[in-house]
Amino acid sequence: MPAIANILNRITVALRSPRGRDAMMFMVFVVISAILWLVLSLNEEEQYDVRMPLKITHVPDSVTLINEGPPALSASLTAKGTQLLKMNLGRTPTVNVDYRVFRSGNTMHVSAADLKGLVRQASGGSQVSVVMPDSLHIPFTTHQGFKLPIALDYRVSAGPQASLVGTPHLSTDSVKIYMANNALPDRFNAVSTEPIRILGLDKTSTQRVKLIGPKNSRVVPDSVDVTFEVEPLIFKSRKVVIEPINVPKNVKLITFPAQIDVVYMIPVSEYQKGRAQFRVVADYRKISPSSGKVKLSLLDVGDKLQNVHLSADSAEYVIERYRVEHD
């Protein structure tokens, strides 16, 4: 504390000196000059570019806008510094377009002059030189809309250690579509999603995708969640008895070995349900006398199994013939 008191005492002595009084006077003039400069600057007009949110108001519940216009307008304003400071420090003003004022037939028409007037009003009387877009044409309808199913456009594959489970799940299976002319195009019987292309999916995934309607239409909702369920695969191996087929009545086909290993990958949920089903056959018609072997094939393989293969593609064989007795 004595040190602080000593410093304050020195400052007081310095300010009371002739040089200190001159410095104080200089600082006062600097502050006054800065205030005057700020006042003059704020009274000068400057050009300013701003994006102003657009909102359409007083739309009845029975009316559906086919499109709601752009989310914001780009405007070039000429205004005093005080107005620009107010817009910069506060929330950017919103341009409100009253449905009741600008409706005409089944369309809202807002001309370039009207749009500039709305921007001028929202910005507190600023001069408006340019507004983009320069006008608005928004169709609407009072029709209740058409309920249509969703057609999923997708091409999705799982990774090498995973499998897709069932069909993709949609957050909703149907939507409503509103047309500007209240009539659906011929043969338009479903609303398609944007194309979904995913390779090597290794876990359950949900994506938000846009819906595609015909021209001059509005789809509600305009997007849906699509879930692709994925589960891991496990490797399994099982010995299966080789089954001879297409063997003549007086012939017996014996293979060596009589059983063979079948290797496959199966989803965890399917494995828990029970053993995988398939057959291993030795086709008599595919015997190769020169090699002394018969080709083996897999039949009736379930759709849920992947990478199913035999430990060998052929087996040695012996043919036994016997006489067929006749009555």
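One can find the structure itself at the top, above this paragraph.
Residues numbered from 1 in each chain as written. Predicted model: local features only at pLDDT ≥ 70, side-chain atom pairs only at ≥ 80, totals over all residues. Heavy atoms only, no water.

Student: So what about the overall build of the chain? Which residues, and what values?
Tutor: Check the secondary structure of the chain and you find six helices and 25 strands. The long-range fraction of contacts in the chain, counting pairs at least 24 apart against all pairs at least 6 apart in sequence, stands at 71%. Summed over all atoms, the accessible surface of the chain reaches about 21300 Å², with 54% contributed by carbon and sulfur. (Helix = DSSP H or I, 4+ residues; strand = E, 2+ residues; numbered from the N terminus. Contact = heavy atoms within 4.5 Å. Areas by Shrake-Rupley, 256 points an atom, 1.4 Å probe, with all protein chains shown as cover.)

Student: Can you lay out the sheet that holds strand E14 (residues 191-193) for me, pointing to particular residues and giving the numbers?
Tutor: Reading across from one edge, E12-E18-E16-E14-E9-E13-E17 is the order of the seven strands in this open sheet, with mixed pairing throughout. Since the sheet does not close on itself, it has two edges, and those belong to strand E12 (169-170) and strand E17 (217-220), each with one partner. Bridging between E14 and strand E16 (residues 205-212) involves two bridges; their strand directions are antiparallel. Opposite Ser192, over in E16, you have Ile212 as the bridge partner. (Pairing = 2+ DSSP bridges.)

Student: So what's going on with the packing of aromatic side chains? Residues and values would help.
Tutor: Under the definition given, this model contains three aromatic pairs. Consider the rings of Tyr154 and Phe228, whose centres lie 5.7 Å apart with planes at 50°: the pair is tilted. In this pair, Tyr154 sits in strand E10 (residues 154-158) while Phe228 sits in strand E18 (residues 223-228), placing the two residues 74 residues apart along the sequence. Accessibility expressed as a relative area gives 37% for Tyr154, which makes it partly exposed. The exposure class of Phe228 is buried, given its relative accessible area of 2%. (Phe/Tyr/Trp six-rings, centres within 6.5 Å; stacked < 30°, edge-to-face > 60°. Buried < 20%, exposed > 50% of the residue type's maximum accessible area, 1.4 Å probe, protein only.)

Student: Give me the pairing of strand E22 (residues 279-288): which residues, what numbers.
Tutor: Pairing between strand E19 (residues 230-245) and E22: four bridges, direction parallel. Each residue of the ladder has a partner; that of Pro244, found in E22, is Ala282. Hairpin connection from E22 to strand E23 (residues 293-299): four residues lie between these consecutive antiparallel strands, with Gly292 at a positive phi of about 75°.

Student: An account of the pattern of salt bridges is requested, with residue identities and associated values reported.
Tutor: Going through the model one piece at a time under the given rule, you end up with nine salt bridges. In this structure, the salt-bridge partner of Asp98 is Arg100, at a minimum N-O distance of 2.9 Å. On the accessibility criterion, Asp98 (16% relative accessible area) is buried. Residue Glu243 pairs with Arg279 through a salt bridge whose shortest N-O separation is 2.9 Å. Highlighted residues: Glu243 in strand E19 and Arg279 in strand E22, separated in sequence by 36 residues. For Arg279, a relative accessible area of 28% translates into the label partly exposed. (Salt bridge = Lys/Arg side-chain N within 4 Å of Asp/Glu carboxyl O.)

Student: I'd like a description of the environment of Lys286, backed by residues and values.
Tutor: With respect to the secondary-structure elements, Lys286 resides in strand E22. For the pair formed by Lys286 and Leu296, sequence separation is ten residues and the distance between their alpha carbons is 8.6 Å. Once you skip the residues sitting within four places of it in the chain, Lys286 turns out to touch Lys293, Val294, Lys295 and Ser297.

Student: Describe in detail the nonpolar core, supporting the description with residues and values.
Tutor: Ranked by size, the top nonpolar core spans 23 residues in total, and within it Val97, Met108 and Val119 carry the most contacts. Those elements that provide at least two residues to this core are strand E1 (45-57), strand E3 (72-80), strand E4 (95-98), helix H4 (99-102), strand E6 (107-110), helix H5 (112-122), strand E7 (127-132) and strand E8 (136-141). Ignoring any residue separated from it by four or fewer positions in sequence, one finds Val119 in contact with Met52, Leu73, Ala75, Leu77, Val95, Val128 and Val131. Within the second largest apolar cluster, 20 residues are counted, among which are Ile242, Val251, Val262 and Tyr284. (Core = buried A, V, L, I, M, F, W, Y, C linked by side-chain atoms within 4.5 Å.)

Student: I'd love a proper account of the sheet that holds strand E5 (residues 103-104), names of residues and values included.
Tutor: Spatial strand order, E2-E8-E6-E5: four strands in an open sheet with antiparallel pairing. Every other strand in the sheet has two partners, leaving strand E2 (64-65) and E5 as the edge strands with one partner each. Pairing of E5 with E6, which is carried by two bridges, proceeds in the antiparallel orientation. By the bridge assignment, Ser104 is partnered in E6 with Thr107.

Student: Report on unusual backbone geometry, specifying residues and quantitative values.
Tutor: Between Val220 and the following residue, Pro221, the backbone shows a cis peptide bond with an omega angle of -5°. Cis peptide bonds are those with omega within 30 degrees of zero, and the linkage from Phe256 to Pro257 qualifies with 5°. Tracing the chain through its elements places Pro257 in the loop between strand E20 (251-256) and strand E21 (259-267). The phi angle at Asp300 is positive, at roughly 55°, despite the residue not being glycine. For Asn307, which is not a glycine, the phi torsion comes out positive at approximately 55°. The topology assignment puts Asn307 in strand E24 (residues 306-310).

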